[in-house]
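# Fold and contact review
If you want the building blocks of each chain, they are given just below.
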Amino acid sequence: MMEITSVQGDITEQAVDAVVNAANSSLLGGGGVDGAIHRKGGPEILAACRALRASHYGKGLATGRAVATTAGRLPARWVIHTVGPRYAAGEPGRAELLASCYRESLRVADELGARTVAVPAVSTGIYGWPVRDAARIALRTVQEVALGTESQVVEVRFVLFGGEAFEVFESVRRELG
Ligand code: AR6
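Read on for a plain summary of the structure.

What counts as what
- Residues numbered from 1 in each chain as written.
- Predicted model: local features only at pLDDT ≥ 70, side-chain atom pairs only at ≥ 80, totals over all residues.
- Heavy atoms only, no water.
- Helix = DSSP H or I, 4+ residues; strand = E, 2+ residues; numbered from the N terminus.
- Rg over C-alpha atoms; globule rule 2.2 N^0.38 Å.
- Buried < 20%, exposed > 50% of the residue type's maximum accessible area, 1.4 Å probe, protein only.
- Contact = heavy atoms within 4.5 Å.
- Areas by Shrake-Rupley, 256 points an atom, 1.4 Å probe, with all protein chains shown as cover.
- Lys, Arg positive; Asp, Glu negative; His and termini not counted.
- Charge placed at Lys NZ, Arg CZ, Asp CG, Glu CD.
- Pairing = 2+ DSSP bridges.
- Axes fitted to C-alpha atoms, helices over the stretch in contact; angles between N-to-C directions.
- Near = heavy atom within 4 Å.
- Polar contact = N/O pair within 3.5 Å; in protein donor to acceptor, adjacent residues only side chain to side chain.
- Nonpolar A, V, L, I, M, F, W, Y, C, P; charged D, E, K, R; others polar.
- Phe/Tyr/Trp six-rings, centres within 6.5 Å; stacked < 30°, edge-to-face > 60°.
- Salt bridge = Lys/Arg side-chain N within 4 Å of Asp/Glu carboxyl O.

The next thing to look at is the overall build of the chain. What the chain contains, in helices and strands, is five helices and six strands. The linear arrangement of helices and strands in the chain, starting from the amino end, is β-β-α-α-β-β-α-β-α-β-α. Expected size for 177 residues packed as a compact globule is a radius of gyration near 16 Å; at 15 Å, the chain falls within 12% of this value. Its C-alpha atoms give the chain principal-axis dimensions of about 45 × 35 × 30 Å. Burial analysis of the chain (177 residues in total) assigns 49% to the buried set. Long-range contacts, defined here as pairs at least 24 residues apart, represent 72% of the contacts in the chain between residues at least 6 apart. Counting every atom, the chain has about 8,400 Å² of accessible surface; 51% of that belongs to carbon and sulfur. Within the chain, one finds 19 positive and 19 negative side-chain charges whose respective centroids are separated by 6 Å.

Written as structure tokens, this is what we have:
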């Protein structure tokens, strides 16, 4: 049984098996969640990302995909890096890519044997996706995964940075039932 929960807080402080990072295709760091994860997790994460680039992702990680590294000094054991799409109104293909971020991240989590996973609101910061729309896509997708697979993951915890984003997620949760 996969439970979907949500909290307001900082994803780098979550005591879970894996945290999902809203990365970019370079995997070499950035601002927002990505910056916070690398800052708090320390250089081991960047070293692992560089190694992944050298071994498997010479051209970078494609949008909608996910890949795991160590979590360095974070309380979590793994960071699952995913690349969200930049928002562009009227391009439905991008919603599918955003959904793919959650599906792929949870698939990787299951492969790792993670039981608890913290996820941010991918694409809703620097990539500009409106929170309510992104929340609908994120929650629907995770609900589908929860119903459709035999995953070892028992908790998917949405971690919303601000009170406003948290309230929007809660209202979408009520809306979706
Ligand atoms: N914990 C939880 N949520 C956070 C945290 C945190 N510590 N910090 C920010 N957020 P963003 P994106 C929220 O910009 O839109 C980077 O440069 C934030 O309020 O982190 O997918 C990457 O390298 C927002 O709601 O990710 C990429 O280049 C959400 O996390 C680009 O940004 C996502 O915001 C990715 O942009």
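For the rest of this paragraph, the subject is the sheet that holds strand 2 (residues 18-23). Strand order in the open sheet made by the six strands is 1-6-5-2-4-3, with mixed pairing throughout. Looking at which strands have only one partner, the edges of the open sheet turn out to be strand 1 (3-8) and strand 3 (66-70). For this sheet, the mean angle separating the axes of adjacent strands, direction not counted, is 25°. Bridge count for strand 2 against strand 5 (residues 116-119) is two bridges, and the pairing is parallel. Residue pairing for strand 5: valine 19 is matched across the bridge by alanine 118. Contacting strand 2, strand 3, strand 4 (78-83), strand 5 and strand 6 (155-160), helix 3 (residues 92-112) crosses the sheet at an angle of about 155° to strand 4. The sheet strands contacting helix 5 (residues 163-176) are strand 1 and strand 6, and the helix crosses strand 1 at an angle near 155°.

Another point: unusual backbone geometry. One non-glycine residue, leucine 27, adopts positive backbone phi at about 60°. Judged by relative accessible area, leucine 27 falls into the buried class, the value being 2%. You will see that serine 123, though not glycine, has its phi angle at about 75°, which is positive. Here serine 123 is to be found in the loop between strand 5 and helix 4 (131-148). Relative accessible area serves as the criterion here: at 5%, serine 123 is assigned to the buried category.

Next up on the list: the site of the ligand. Around the ligand, the surrounding shell holds 22 residues, and the nearest of these are Asn24, Gly31, Val33, Asp34 and Thr124. One of the side-chain nitrogen or oxygen atoms of aspartate 10 is found 2.9 Å away from a nitrogen atom of the ligand. Threonine 124 has a polar side-chain atom sitting 2.7 Å from an oxygen atom of the ligand. In isolation the ligand exposes 710 Å². Once the protein is present, 89% of that is buried. Sorting elements by how many residues they give to the shell around the ligand places helix 1 (residues 32-41) first, with four residues. Broken down by class, the residue content of the shell around the ligand amounts to eleven nonpolar, nine polar and two charged.

As a further point, take the packing of aromatic side chains. For any pair of aromatic rings, geometry is given as the distance between the ring centres together with the angle between the planes. What the rule picks out here adds up to three aromatic pairs. Taking the centre distance of 5.1 Å and the plane angle of 65° together, the rings of tyrosine 87 and tryptophan 129 count as edge-to-face. Of this pair, tyrosine 87 sits in the loop between strand 4 and helix 3 while tryptophan 129 sits in the loop between strand 5 and helix 4; the two residues are 42 residues apart in sequence, bridging distant segments of the chain. The class of tyrosine 87 is partly exposed, set by a relative accessible area of 34%. Relative to phenylalanine 158, the ring of tyrosine 102 has its centre 5.9 Å away and its plane inclined at 50°; by these criteria the two rings are tilted.

Now for the pattern of salt bridges. Tallying each qualifying case throughout the model produces ten salt bridges. One salt bridge connects glutamate 104 with arginine 107, and the closest N-O pair in it is separated by 2.8 Å. Placement of the pair is glutamate 104 and arginine 107 together in helix 3, with a separation of three residues, close to one helical turn. Since its relative accessible area comes to 17%, glutamate 104 is described here as buried. Residue glutamate 155 is joined to arginine 157 by a salt bridge in which the shortest nitrogen-to-oxygen separation is 3.0 Å. For the pair glutamate 155 and arginine 157, one class covers both residues: buried.

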